[in-house]
Amino acid sequence: MAFDEKYLLALPPVAVAGRRLKRYHVTDDPAGIEPEVEKAAYALLPELLPEPDGTPAAGFVVLHRGGDTGAYLNTYSWVWDNVLHFAGAAAGQPALDCPDLDPAHFVRIPPGERNWIGCVWELAPLTYERDAWVRHVLAPDVPDLDGYLGDALATGVTGPGL
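Residues numbered from 1 in each chain as written. Predicted model: local features only at pLDDT ≥ 70, side-chain atom pairs only at ≥ 80, totals over all residues. Heavy atoms only, no water.

Student: Now, about the overall build of the protein: what can you tell me, with residues and values included?
Tutor: Helix and strand counts for the protein stand at four helices and seven strands. Along the chain direction, N to C, the helices and strands of the protein fall in the order β-β-α-α-β-β-β-β-α-α-β. Its C-alpha atoms give the protein a radius of gyration of 15 Å, within 12% of the compact-globule value 15 Å for 162 residues. With the principal axes as the frame, the protein shows a C-alpha extent of 50 × 35 × 25 Å. In the protein, of all internal contacts separated by at least 6 residues, the share reaching a separation of at least 24 is 56%. Looking at charge distribution, the protein has the averaged site of its 11 positive side-chain charges lying 3 Å from that of its 23 negative ones. (Helix = DSSP H or I, 4+ residues; strand = E, 2+ residues; numbered from the N terminus. Rg over C-alpha atoms; globule rule 2.2 N^0.38 Å. Contact = heavy atoms within 4.5 Å. Lys, Arg positive; Asp, Glu negative; His and termini not counted. Charge placed at Lys NZ, Arg CZ, Asp CG, Glu CD.)

Structure, rendered in structure tokens:
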């Protein structure tokens, strides 16, 4: 199987349902993800976020536009102080029970049916985000949520290449 890294774009955080979320887009198109796909994905975000539990209300999303008709939205929210909650949605991917091939028609992936947290391209931010959470929220005497939100993986590619 041939493998190529994809573009990773770090975008400004957004506030959704009381949470502040960093944003990463993954695509093989250097122009980025189509605006209608992004808008449709982010409209579903409130359904994918957990209830507040006293942890600083933050996390990150990875929106991935596949090379075919598929688009994938992965949400990662910090809960229980140091735990990452995951929820996902997909569009345009019949293998994930999407109703059509429209990459802007997102449906939630039901919890427990596919316990996948992301593909090789979508996983690129995970270690970085773990370290940023420790650096800005867990290690200091006073958590610095703004510092965490301003500390994102740099725009570039999803990995070092082969």
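Student: Quick one: what's the story with the pairing of strand S1 (residues 7-16), residue by residue and with numbers?
Tutor: In this sheet, strand S2 (residues 19-27) lies alongside S1 in antiparallel orientation, the contact comprising eight bridges. Each residue of the ladder has a partner; that of Leu11, found in S2, is Arg23. Between the antiparallel neighbours S1 and S2 lie two residues, among them Ala17 with a positive phi of about 50°. As judged from the two bridges shared by S1 and strand S7 (residues 156-157), these two strands associate in the antiparallel manner. Bridge assignment links Tyr7 to a residue of S7, and that residue is Val157. (Pairing = 2+ DSSP bridges.)

Student: I'd like to hear about the side chain of Asp151, residue by residue, with values.
Tutor: Turning to its location among the elements, Asp151 is positioned in the loop between helix H4 (145-149) and S7. What Asp151 contacts, discounting residues up to four positions off in sequence, is Lys22, Tyr128, Glu129, Ala132, Arg135 and His136.

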